[in-house]
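# Structural overview
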Amino acid sequence: MELSEIAIHDLRSSDKNAIQQAAQLLLDAFRTLVPDAWETWDDALEEVQESLQPGRISRVAIAHEQEVVGWIGGVPTYSHAWELHPLVVKSSYQRQGIGRRLVADLEMQVSVRGGLTLYLGSDDETGLTSLADQDLYPNPLEHLATLQNHQGHPYTFYQKVGFVLVGVIPDANGLGKPDIWLAKRVKKSEPQEEPGYTEAVEP
């Protein structure tokens, strides 16, 4: 499928089918990466519904026949910084540029709301990086400076789309299970009227 055939638009509370598809994406994608993130269908559904709260950003990538193939969320956490949470792309559509387009779209959405920084935490609970199963104290940043990706941890994807490593929280999810933090400055955008369906800005 061509990327031009994929539309990105707001996830709306009235679109029950898209909400359920986004919840299923969470369950499928994070089952092995972050096993404790969303353990049940109800947990995943609640996460999607929370993304629809006023002030938050919730965007979906739609393929033919209204299939949700990707979902991204943004949470305002500081006066000028937003957390990217979460990002997920359907497994059969990965490595086709959809994740990159969703991130670029979120950057635009954050920028028009006055945001300057987009950041995220990317857990390592399953030993995918050199930080896992290590005692990162007393100098966590020394370990971060030599970070290596052993088995496909997503932090390298975020680096490819412009994020940089800004920190690590040792033992965030248990002993030897850190949370890796990345951030980037978003480009300033002028407010735009949003049609029902929009193409994402290319990164």
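In case you missed it, the structure is sitting above this.
Residues numbered from 1 in each chain as written. Predicted model: local features only at pLDDT ≥ 70, side-chain atom pairs only at ≥ 80, totals over all residues. Heavy atoms only, no water.

### Re unusual backbone geometry
Looking along the chain, the bond that leaves histidine 85 and enters proline 86 is cis, with omega of -10 degrees. With respect to the helices and strands, proline 86 occurs in strand β4 (residues 81-89). Cis peptide bonds are those with omega within 30 degrees of zero, and the linkage from tyrosine 137 to proline 138 qualifies with 5 degrees. Its identity is not glycine, yet glutamate 65 carries a phi of approximately 55 degrees, on the positive side. Along the polypeptide, glutamate 65 turns up in the loop between β2 (57-62) and β3 (68-76). We note that aspartate 171 has phi near 55 degrees; this positive angle belongs to a residue other than glycine. When you line up the elements, aspartate 171 lands in the loop between β6 (164-169) and β7 (179-185). (Helix = DSSP H or I, 4+ residues; strand = E, 2+ residues; numbered from the N terminus.)

### Quick notes on the pattern of salt bridges
If charged atoms from side chains of opposite charge come close, those side chains can pair. Here the structure, examined in full by the defined rule, presents 4 salt bridges. Its salt-bridge partner being arginine 59, residue aspartate 10 comes within 2.9 Å of it at the nearest N-O pair. In this pair, aspartate 10 is assigned in strand β1 (residues 7-10) and arginine 59 in strand β2, connecting sequence segments 49 residues apart. A salt bridge links arginine 59 to aspartate 105, with the shortest nitrogen-to-oxygen separation between them at 2.7 Å. Residue arginine 59 is located in strand β2, and its partner aspartate 105 is located in helix α3 (residues 98-112); the two are separated by 46 residues in the primary sequence. Both residues of the pair, arginine 59 and aspartate 105, belong to the buried class. Look at the salt bridges and you will find they share partners, linking Asp10, Arg59 and Asp105 into a network. (Salt bridge = Lys/Arg side-chain N within 4 Å of Asp/Glu carboxyl O. Buried < 20%, exposed > 50% of the residue type's maximum accessible area, 1.4 Å probe, protein only.)

### Concerning the sheet that holds β1
A sheet is described by the order of its strands in space; here 7 strands give the open sequence β1-β2-β3-β4-β5-β7-β6, paired in mixed fashion. Unpaired on one side and paired on the other, β1 and β6 mark the two borders of the sheet. Taking the axes of each pair of neighbouring strands and ignoring which way they run, one obtains an average angle of 25 degrees across the sheet. Of the strand pairs in this sheet, β2 and β3 are connected by 6 bridges, and their pairing is antiparallel. Within the sheet, the bridge partner assigned to valine 60 lies in β3 and is tryptophan 71. (Pairing = 2+ DSSP bridges. Axes fitted to C-alpha atoms, helices over the stretch in contact; angles between N-to-C directions.)

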